[in-house]
Amino acid sequence: MKKLLITSFIFLFASLTFAQLPRQEIKENIFRSGSNYYAYPGPLQESLTPPPQNYTPYYISHYGRHGSRYLINDSDYDMAFKTLGRADSLGKLTSYGKDVLRRVTLLRDEANLRHGELTLRGAEQHQAIGRRMIERFPEVFEGKTTIDAKSTVVIRCILSMENALHALLRVNPDLQIRHDASEHDMWYMNFNDKELKKKVFPESVEKTYDEFCASHQNNTRIMKALFNDDNYWQHEVNAQDLAYHIFKLASNIQSSELRRDISLYDVFTEEELYDMWLQTNAWWYIHYGPSPLNNGIAPYSQRNLLRVMIAEADSCLQLPHPGATLRYGHEVCVMPLACLLELDDFGKSILDLEDLDDEGWACYKIFPMACNIQLIFYRPTEGSGDILLKVLLNENEARLPFPAVTGPYYRWTDFRTYFTDKLERYEKK
């Protein structure tokens with residue numbers, strides 16, 4: 001018992017060492033301000049907590065987001081390009097504004113006809129995640145074991161899956177891989193719950209969010225840096241929209257090969273950048289997190305996914321060598337799933353949007369590009385005993401909302417009961 005308590009304390013201490021207020025974290029690494037555009041940082045833990053004695057990993061259930069990508073829509077590039085381009089044609093840009101236009105043009109040209117596609121960095125992220133998965137848990141991938149991989153029908157997700165599978169095959173060419181991407185599975189791989197979405201952001205919540213954003217918007221300095229005519233930008237330019245689109249471009253450069261040559265973060269002061277992040281963080285908390293403004297319903301958008309993960313695990317755990325079930329999709333699934341599972345403190349209910357950062361609720365910790373949730377299952381090496389699991393969020397050990405056996409290790413039966421009951425309570429409402 002003493003050994004179990006020590007292990008649990010070490011895990012809790014390790015979890016708390018990752019806890020730091022977002023302002024300081026973004027100051028230390030400006031790329032975190034990109035929220036869902038934050039390029040995957042890799043695991044923060046150098047080593048994982050060893051399993052209890054006589055336990056070995058034997059099955060993995062996974063859901064991951066696609067890797068780094070280009071921005072999705074023409075407007076993501078065109079808004080800043082056309083606004084600055086028109087001003088330039090009228091002689092309204094400062095020399096600094098002209099240079100910002102030059103960099104925006106480079107980004108737009110690079111993404112031409114590639115909107116939403118996986119970048120080279122995105123492919124590399126999934127190769128690395130796949131390689132670490134098989135290196136960390138070699139027992140799961142031994143011999144001719146079966147790997148069942150599914151992707152949503154979006155090409156960046158399919159290519160992310162293929163890059164990960166190739167990494168696994170390079171280590172073990174004997175793996176028996178089934179991989180698929182079909183509308184047949186979209187009801188849980190990327191469930192579009194239209195009725196729930198209506199309840200997540202009603203007019204009353206939108207009003208609260210708009211008021212919060214208004215208190216964190218002041219783009220006068222930025223506009224004066226870009227334009228040489230105050231009258232022009234005040235009457236001809238949507239200052240907030242332009243600042244937001246430049247911020248979006250700045251955030252996504254880290255996913256591009258142009259990251260070695262240019263940046264757009266110099267457009268913003270440290271405080272302006274943080275204000276931009278605050279608005280984005282609040283938007284994600286309301287739309288996909290456990291916000292009490294909408295009674296915390298958003299995470300239940302992934303109820304189908306969680307039910308499938310539980311059912312498939314129950315089935316696979318009956319096999320002598322079940323291998324892994326890998327799923328590749330989107331951040332709009334990973335974030336609410338992490339909140340539905342109440343991983344670490346991401347199930348926390350925070351009423352005042354101004355308190356999100358002080359409470360340490362930071363979206364970039366959940367869903368950078370290539371973010372992932374891995375359920376690692378363990379069984380006794382001999383004799384009988386409970387099936388245990390631990391959860392990795394972005395390859396780091398995460399806490400669940402009920403008592404552990406030791407450290408990050410929980411009983412599968414406790415997991416299944418807790419979340420089955422939680423889903424049933426929601427559905428009864």
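Residues numbered from 1 in each chain as written. Predicted model: local features only at pLDDT ≥ 70, side-chain atom pairs only at ≥ 80, totals over all residues. Heavy atoms only, no water.

Participant: Lay out the overall build of the protein with the relevant residues and their values.
Facilitator: Scanning the protein from N- to C-terminus turns up 16 helices and eight strands. Against the 2.2 N^0.38 benchmark of 22 Å for 429 residues, the protein shows a C-alpha radius of gyration of 23 Å, consistent with a compact globule. Projected onto its principal axes, the C-alpha positions of the protein cover 80 × 45 × 40 Å. Across the 429 residues of the protein, 55% fall into the buried class. Across the protein, the fraction of contacts at a sequence separation of at least 24, relative to all contacts at a separation of at least 6, is 80%. Of the roughly 18800 Å² of accessible surface on the protein, a fraction of 51% belongs to carbon and sulfur atoms. Averaging the positions of the 48 positive and the 58 negative side-chain charges in the protein gives two centres separated by 2 Å. (Helix = DSSP H or I, 4+ residues; strand = E, 2+ residues; numbered from the N terminus. Rg over C-alpha atoms; globule rule 2.2 N^0.38 Å. Buried < 20%, exposed > 50% of the residue type's maximum accessible area, 1.4 Å probe, protein only. Contact = heavy atoms within 4.5 Å. Areas by Shrake-Rupley, 256 points an atom, 1.4 Å probe, with all protein chains shown as cover. Lys, Arg positive; Asp, Glu negative; His and termini not counted. Charge placed at Lys NZ, Arg CZ, Asp CG, Glu CD.)

Participant: Describe a negative patch on the surface, naming the residues involved and giving the relevant values.
Facilitator: Together, Asp352, Glu354, Asp355 and Asp358 make up a region of like negative charge exposed at the surface. Mapped onto the fold, Asp358 is located in the loop between helix H15 (331-340) and strand E5 (372-380). (Patch = residues over 30% accessible without salt bridge, like charges linked within 9 Å, V, L, I, M, F, W, Y side chains within 5 Å. Salt bridge = Lys/Arg side-chain N within 4 Å of Asp/Glu carboxyl O.)

Participant: Break down unusual backbone geometry for me, citing the residues and quoting the values.
Facilitator: Phi at Glu342 is positive, roughly 55°, even though this residue is not glycine. Mapping Glu342 onto the fold places it in the loop between H15 and E5. Positive phi, normally seen in glycine, also occurs at Ala370, with a value near 70°. Along the polypeptide, Ala370 turns up in the loop between H15 and E5.

Participant: Report on the packing of helix H3 (residues 74-89) against helix H12 (residues 239-252), specifying residues and quantitative values.
Facilitator: Where H3 meets H12, the axes come as close as 9 Å, and the angle between the chain directions of the two elements is 125°. The angle between H3 and H12 falls in the class oblique. Handedness of the H3/H12 crossing: left-handed. Contact residues: H3 offers Ser75, Asp76, Tyr77, Met79, Ala80, Thr83 and Leu84, while H12 offers Asp241, Leu242, His245, Ile246, Lys248, Leu249 and Asn252. Split by residue class, the contact of H3 with H12 holds seven nonpolar, four polar and three charged. (Axes fitted to C-alpha atoms, helices over the stretch in contact; angles between N-to-C directions. Parallel < 35°, antiparallel > 145°, perpendicular 65-115°, else oblique. Left-handed = near helix turned anticlockwise from the far one by under 90°. Nonpolar A, V, L, I, M, F, W, Y, C, P; charged D, E, K, R; others polar.)

Participant: Give me the pairing of strand E6 (residues 388-393): which residues, what numbers.
Facilitator: Burial analysis of E6 places six of its six residues in the buried class, the great majority of the element. Residues Leu388, Lys390 and Leu392 point to one face of E6 and Leu389, Val391 and Leu393 to the other, with burial holding for every one of them. Bridge analysis of E5 against E6 gives six bridges, and the strand direction is antiparallel. Note that in E6 the partner of Tyr378 across the bridge is Leu388. Here E6 pairs with strand E8 (residues 410-411) via two bridges, running antiparallel. Within E8, the position partnered with Leu388 by the bridge is Arg411. As judged from the three bridges shared by E6 and strand E7 (residues 396-398), these two strands associate in the antiparallel manner. (Pairing = 2+ DSSP bridges.)

Participant: Could you give an account of the side chain of Arg303, with specific residues and numbers?
Facilitator: Along the polypeptide, Arg303 turns up in helix H14 (residues 303-316). Only 2.8 Å separates the side chain of Arg303 from the side chain of Asp193, close enough to count as a polar contact. The contacts of Arg303, once residues within four sequence positions are left out, are Phe191, Asp193, Leu196, Leu340, Leu423, Tyr426 and Glu427. (Polar contact = N/O pair within 3.5 Å; in protein donor to acceptor, adjacent residues only side chain to side chain.)

Participant: Please set out the nonpolar core residue by residue, giving values where relevant.
Facilitator: Leu306, Met335, Leu343, Trp361, Ile373, Phe377 and Phe415 are the most contacted members of the largest nonpolar core, which has 66 residues in total. Of all the elements, helix H13 (residues 270-288) adds the most residues to this core, at eight residues. The next biggest cluster of nonpolar side chains, apart from the first, holds 38 residues, and it includes Leu93, Leu107, Leu226 and Ala250. (Core = buried A, V, L, I, M, F, W, Y, C linked by side-chain atoms within 4.5 Å.)

Participant: So what's going on with the pattern of salt bridges? Which residues, and what values?
Facilitator: One pass over the structure, following the stated rule, counts 32 salt bridges. Among the salt bridges present, the one from Arg303 reaches Asp193, with a minimum N-O distance of 2.8 Å. Note that Arg303 is positioned in helix H14 and Asp193 in the loop between helix H7 (186-189) and helix H8 (194-200), a separation of 110 residues in sequence. Its relative accessible area of 15% is what places Arg303 among the buried residues. For Glu397, the salt bridge goes to Lys390, with nearest N and O atoms at 3.0 Å. By the burial criterion, Glu397 is buried, and Lys390 matches it. Residues participating in the shared-partner salt-bridge network are Asp99, Arg102, Arg103 and Asp266.

Participant: Outline the environment of Ser182, supporting the account with residue identities and numerical values.
Facilitator: Checked against the element boundaries, Ser182 lands in the loop between strand E3 (176-181) and H7. For Ser182, a relative accessible area of 22% corresponds to the partly exposed category. Apart from residues lying up to four places away in sequence, Ser182 is in contact with Ser151 and Val153. A polar atom in the side chain of Ser182 sits 3.0 Å from the backbone nitrogen of His184.

Participant: Could you give me a rundown of the pairing of strand E2 (residues 146-151), with the residues and numbers involved?
Facilitator: Counting buried residues along E2, five of its six residues qualify, which places the element largely inside the surrounding structure. As paired strands, E2 and E3 are joined by six bridges and run parallel to one another. Considered in E3, the bridge of Asp148 is made with Arg178. In this region the chain leaves E2, passes through helix H6 (residues 155-171) and returns to the parallel neighbour E3; the handedness of that crossover is right-handed. Of the pairings in the sheet, the one linking E2 to strand E4 (residues 323-329) comprises five bridges and is parallel in character. Counted as the bridge partner of Ile147 is Ala324 from E4. (Right-handed = clockwise from strand over helix to strand, strands pointing away.)

Participant: Could you give an account of the side chain of Asn163, naming the residues involved and the relevant values?
Facilitator: Relative to the assigned elements, Asn163 resides in helix H6. Apart from the residues within four sequence positions on either side, Asn163 is in contact with Leu118, Ala123, His126 and Gln127.

Any link to function would need more than the numbers given here.
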